[in-house]
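Examination of the molecular architecture
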Amino acid sequence: MSDAHPLALPAPRPAVAALPAYVPGARGAADAPPPVKLSSNETPHGPLPSVVAAVEAAAAGVTRYPDMAATELTARIADAVGRDASEVVVGAGSVAVLAHILQAYTGPGDEVLFAWRSFEAYPILARIAGAEPVMVPLTAEARHDLPAMIAAVTERTRVVMLCSPNNPTGPILTHEELDAFMAAVRSDVLVVLDEAYLEYVRDASVADGPASLDRYPNLVLLRTFSKAYGLAGLRVGYAVGPAALLAPVRACVTPFSVSGPAQAAAIASLDARDELLERAALVVAERGRVLDALRADGWSVPDSQGNFVWLGVGDATAALVAHLAEPQPAILVRPFAGEGVRVTIGAPEENDALLARLATWDGPR
Ligand code: PMP
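Residues numbered from 1 in each chain as written. Predicted model: local features only at pLDDT ≥ 70, side-chain atom pairs only at ≥ 80, totals over all residues. Heavy atoms only, no water.

1. Looking at the overall build of the chain
When you go through the chain residue by residue, the secondary structure sums to 13 helices and 12 strands. The C-alpha atoms of the chain give a radius of gyration of 21 Å, which matches the 21 Å a tight globule of 365 residues would have. In terms of principal-axis extent, the alpha carbons of the chain reach across some 60 × 55 × 55 Å. Every one of the 365 residues in the chain was classed for burial, and the buried ones make up 51%. Across the chain, contacts joining residues at least 24 apart in sequence account for 73% of those joining residues at least 6 apart. In the structure as shown, the chain presents an accessible area of about 16,000 Å², 58% of it carried by carbon and sulfur atoms. (Helix = DSSP H or I, 4+ residues; strand = E, 2+ residues; numbered from the N terminus. Rg over C-alpha atoms; globule rule 2.2 N^0.38 Å. Buried < 20%, exposed > 50% of the residue type's maximum accessible area, 1.4 Å probe, protein only. Contact = heavy atoms within 4.5 Å. Areas by Shrake-Rupley, 256 points an atom, 1.4 Å probe, with all protein chains shown as cover.)

Here it is in structure tokens:
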């Protein structure tokens, strides 16, 4: 081909060409000692033997397509949340379910409203759907600024994301706050309450998603098996909400995207719910210990109800990440440039290592 006649190559949609990258938590280098990995809000506990056995048994069936509707898993989730199966949509991680919600309800010219900083997938998924992300800054206490979010609703707003507890800062939305928000927002705006870290919440004032479903016909809950249920690597999440609202979401789900082993693991995890919730309680206890130790050491940390804590060190973020990375073993965290660092609660010895390293930090706290 001559340069004079360059081939016109396929071009992506402009919204896709301009997407910000999703930054996964750091994983550590292959040639370094195993790091203390506190970068992805994963559980510090290994998989339950019963879950591994279920995955192994399901592995024998992988020449077949899985049950596309995840019938048994959907029924089990519906049971667990006290709803009908038509009110549950399962997908390949809650991030995929959210993508399907946005595909179903938004497009060019529409706005998707959420707090910022919050879960970094929100602006990316909004843009992939063709919509415009609208971000409303968190308060000084790193909480959703709900009055400002209400004020930011326009006639183009189609979906509002609420994240409770908020990733990466940790505070919850209270029941009162959710009630006030739902009372103020138009009923044709779909409100998605992302409860990815629900099992770690101990604050009794937290917004009660399932109870709220009975009161608000435009509310959908987003849940995941990736966090307290320990299945981040298998990709299972779900939405709960009114059947009529979720039918279009179900229509958008990539066929067969939740594998047979993933479905089996999620069912086995529901069978082992008590055991998994005991493990979550250990994380909650460690969270309390870490928060207390940090505050005693002069850190100002928002109240986290998730399995992570937020160190809002602003411009010192890169320096803090470097401080945690050396000496070996590196302590890997999730930085947000210029804003702060999210640190996942790990096993007790990992948290000890974190606290010891933070004690020698001479930057802002
Ligand atoms: N929502 C929030 C608030 C999250 O932090 C995450 C994971 N980082 C997710 C949803 C997505 O989780 P998954 O796709 O693994 O279910």
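2. Digging into unusual backbone geometry
At the junction of Glu-326 and Pro-327, the peptide bond is cis and its omega measures out at -5 degrees in the coordinates. With respect to the element layout, Pro-327 can be found in the loop between helix H12 (317-325) and strand S10 (331-332). Phi is positive for Arg-235, which is not a glycine, with a value near 70 degrees. If you check the backbone angles, Phe-256 has positive phi at about 65 degrees while not being a glycine. Structurally, Phe-256 is set in the loop between helix H9 (243-252) and helix H10 (260-271).

3. Quick notes on helix H2 (residues 49-59)
Restricting attention to buried positions, one finds in H2 the residues Val-51, Ala-54 and Ala-58. All buried residues of H2 fall inside an arc of 60 degrees around its axis, so they share one side. Within H2, the exposed residues directed more than 90 degrees away from the buried face are Pro-49, Glu-56 and Ala-57. On its buried face, H2 sits against H10. (Arc of directions from axis to C-beta.)

4. Comments concerning the packing of aromatic side chains
Within the structure shown, the criterion is met by 9 aromatic pairs. On the numbers, 4.9 Å between centres and 75 degrees between planes, the contact of Tyr-197 with Phe-308 is edge-to-face. Here Tyr-197, found in the loop between strand S6 (190-194) and helix H8 (209-213), pairs with Phe-308, found in strand S9 (residues 308-311); they are 111 residues apart in sequence, far enough to count as distant. For the pair Tyr-197 and Phe-308, one class covers both residues: buried. Three or more aromatic residues link up through ring pairs in this structure, and these residues are Tyr-22, Phe-114, Trp-116, Phe-119 and Tyr-122. Over the ring of Phe-336 we find Arg-334; its NZ or CZ atom is 4.2 Å from the centre of that ring. (Phe/Tyr/Trp six-rings, centres within 6.5 Å; stacked < 30°, edge-to-face > 60°. Lys NZ or Arg CZ within 6 Å of the ring centre and 35° of its normal.)

5. Things to note about the packing of helix H4 (residues 94-105) against helix H5 (residues 121-128)
Viewed as axis vectors pointing N to C, H4 and H5 meet at an angle of 40 degrees, and their least axial separation amounts to 9 Å. Considering their axes alone, H4 and H5 lie oblique with respect to each other. In this structure, H4 crosses over H5, and the sense of that crossing is right-handed. Of the residues in H5, those touching H4 at Val-95, Leu-98, Ala-99 and Leu-102 are Ala-121, Tyr-122, Leu-125 and Ala-126. Residue composition of the contact of H4 with H5, grouped by class: 8 nonpolar, no polar and no charged. (Axes fitted to C-alpha atoms, helices over the stretch in contact; angles between N-to-C directions. Parallel < 35°, antiparallel > 145°, perpendicular 65-115°, else oblique. Left-handed = near helix turned anticlockwise from the far one by under 90°. Nonpolar A, V, L, I, M, F, W, Y, C, P; charged D, E, K, R; others polar.)

6. Here we look at the packing of helix H11 (residues 273-296) against helix H13 (residues 348-359)
Helix-helix packing is described using two parameters, namely the angle between the two axes and the distance between the axes. Interaxial distance between H11 and H13 falls to 11 Å at its minimum, and their mutual angle equals 10 degrees. Accordingly, the angle class assigned to the pair H11 and H13 is roughly parallel. For the pair H11 and H13, contact is made by Glu-286, Arg-289, Val-290, Ala-293 and Leu-294 and by Pro-348, Asn-351, Asp-352, Leu-355 and Leu-358, respectively. When the residues that make up the contact of H11 with H13 are grouped by side-chain class, the tally is 6 nonpolar, 1 polar and 3 charged.

7. Observations regarding the domain arrangement of the chain
For the chain, the assigned domains are domain 1 (14-47 + 274-358) and domain 2 (49-272). Taken residue by residue, the interface counts 31 residues in domain 1 and 31 residues in domain 2. Carbon and sulfur atoms supply 63% of the area that domain 1 and domain 2 bury against each other, a total of about 2,700 Å² over both sides. Summed over the three residues of domain 1 that lose the most area to domain 2, namely Tyr-22, Leu-276 and Gln-305, the buried surface amounts to 23% of that side. Between the two partners, domain 1 and domain 2, sit 2 salt bridges. Between Arg-117 and Glu-339 there is a salt bridge whose closest N-O contact spans 3.0 Å. In this structure, the connection of domain 1 to domain 2 is made through 11 residue pairs in polar contact (both at pLDDT 80 or more). When contributions to the side of domain 1 that touches domain 2 are tallied by element, the ones reaching two or more residues are H11, S9 and strand S11 (334-336). It is H11 that contributes the most residues to the side of domain 1 that touches domain 2, 9 residues altogether. When its residues are assigned to classes, the side of domain 1 that touches domain 2 shows 17 nonpolar, 7 polar and 7 charged. (Domains from an automatic or database assignment. Buried area = accessible area lost by both parts, 1.4 Å probe. Salt bridge = Lys/Arg side-chain N within 4 Å of Asp/Glu carboxyl O. Polar contact = N/O pair within 3.5 Å; in protein donor to acceptor, adjacent residues only side chain to side chain.)

8. Things to note about the sheet that holds strand S3 (residues 111-116)
Here we have 7 strands laid out as an open sheet, ordered S2-S8-S7-S6-S5-S3-S4, and mixed in their pairing. Where the open sheet ends on each side, the last strands, each with one partner, are strand S2 (88-91) and strand S4 (132-137). Here the average twist between neighbouring strands, direction ignored, is 20 degrees. Across 4 bridges, the pairing between strand S7 (residues 219-224) and strand S8 (residues 237-240) is antiparallel. Paired with Thr-224 across the strands is Gly-237, a residue of S8. (Pairing = 2+ DSSP bridges.)

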